[in-house]
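Given next are the chains, with one letter for each unit.
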Amino acid sequence: MVQGVFLLFKRIGVTSLKLEDYLAIGAILSATDSVCTLQVLNQDETPLLYSVVFGEGVVNDATSIVLFNAVQSLDFSNIDVMTALKLLGTFLYLFFTSTALGIAVSYYPGTVLVIEDVD
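None of the values given here were measured: they were computed from a predicted structure.

Trainee: So what's going on with the overall build of the protein chain? Which residues, and what values?
Mentor: Of regular secondary structure, the protein chain possesses five helices and zero strands. When its helices and strands are written in sequence order, the protein chain yields α-α-α-α-α. Against the 2.2 N^0.38 benchmark of 14 Å for 119 residues, the protein chain shows a C-alpha radius of gyration of 19 Å, more extended than a compact globule. Each principal axis of the C-alpha atoms in the protein chain carries an extent, and together these give about 60 × 35 × 15 Å. Relative to its full complement of 119 residues, the protein chain shows a buried share of 18%. Entry remark: accessible area of the protein chain is about 8800 Å², with carbon and sulfur atoms responsible for 67%. Side chains of the protein chain give 4 positive and 12 negative charges; the mean places of these two sets differ by 27 Å.

Trainee: Mind laying out the side chain of S64, listing which residues take part and the relevant values?
Mentor: With respect to the secondary-structure elements, S64 resides in helix α4 (residues 47–72). Excluding its chain neighbours within four sequence positions, the residues that come into contact with S64 are A27, S30 and A31.

Trainee: Please give an account of a nonpolar patch on the surface that cites residues and values.
Mentor: Judged by side-chain polarity, V81, M82, L85, L88, L92, F95 and F96 come together as a nonpolar surface patch covering roughly 700 Å² of accessible area. Residue placement: L85 occurs in helix α5 (residues 81–118). For L85, a relative accessible area of 47% corresponds to the partly exposed category.

Trainee: How would you sum up the packing of helix α2 (residues 19–29) against α4? Please name residues and give values.
Mentor: Relative orientation of the contacting elements α2 and α4 amounts to 170 degrees, with a least axis distance of 8 Å. When the interaxial angle is binned, α2 and α4 end up roughly antiparallel. Between α2, through E20, L23, A24, A27 and I28, and α4, the contact on the second element is made entirely by S64, L67, F68, V71 and Q72. For the contact of α2 with α4, the class distribution of residues is seven nonpolar, two polar and one charged.

Trainee: Residues and numbers for the packing of aromatic side chains, please.
Mentor: This model, assessed by the stated rule, comprises one aromatic pair. Centroid distance F95 to F96: 5.3 Å. Interplanar angle 75 degrees. Geometry classified as edge-to-face. With relative accessibility at 51%, the residue F96 sits in the exposed group.

Trainee: Go over the side chain of T90, please, and point to the residues and values.
Mentor: Along the chain, the position of T90 falls in helix α5. Beyond its immediate stretch of four places on either side in the chain, T90 contacts A70 and S73.

Trainee: Can you break down the environment of L7 residue by residue, with the values?
Mentor: Inspection of the secondary structure puts L7 in helix α1 (residues 2–12). By relative accessible area, L7 is classed as partly exposed at 47%.

Quick notes on the rules
Residues numbered from 1 in each chain as written. Predicted model: local features only at pLDDT ≥ 70, side-chain atom pairs only at ≥ 80, totals over all residues. Heavy atoms only, no water. Helix = DSSP H or I, 4+ residues; strand = E, 2+ residues; numbered from the N terminus. Rg over C-alpha atoms; globule rule 2.2 N^0.38 Å. Buried < 20%, exposed > 50% of the residue type's maximum accessible area, 1.4 Å probe, protein only. Areas by Shrake-Rupley, 256 points an atom, 1.4 Å probe, with all protein chains shown as cover. Lys, Arg positive; Asp, Glu negative; His and termini not counted. Charge placed at Lys NZ, Arg CZ, Asp CG, Glu CD. Contact = heavy atoms within 4.5 Å. Patch = residues over 30% accessible without salt bridge, like charges linked within 9 Å, V, L, I, M, F, W, Y side chains within 5 Å. Salt bridge = Lys/Arg side-chain N within 4 Å of Asp/Glu carboxyl O. Axes fitted to C-alpha atoms, helices over the stretch in contact; angles between N-to-C directions. Parallel < 35°, antiparallel > 145°, perpendicular 65-115°, else oblique. Nonpolar A, V, L, I, M, F, W, Y, C, P; charged D, E, K, R; others polar. Phe/Tyr/Trp six-rings, centres within 6.5 Å; stacked < 30°, edge-to-face > 60°.

Encoded structure:
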């Protein structure tokens, strides 16, 4: 994705960006959007498929945000193996903590609704 952004910007005359700018733009543009798919699906007729596609879109957006934040937190003036490992570590930290937070926040309402539905 970064190579595509680089070539596109070079073609339209934007050549003054740095590597971190290209990586940030690539992180933003790499998220696929599921809005068109959701417009075609009917939530009442296919609730499971609608939920899966919606969830996939949310995960794609969240991953792009995490990757963008990881790229923004790095110092690209001195790129080496440690910088790459730091990028990977930041990405994994943000990804797993966000996932854990999402599970923790959704677990309680899910269990409360199931218990209330049974009664």
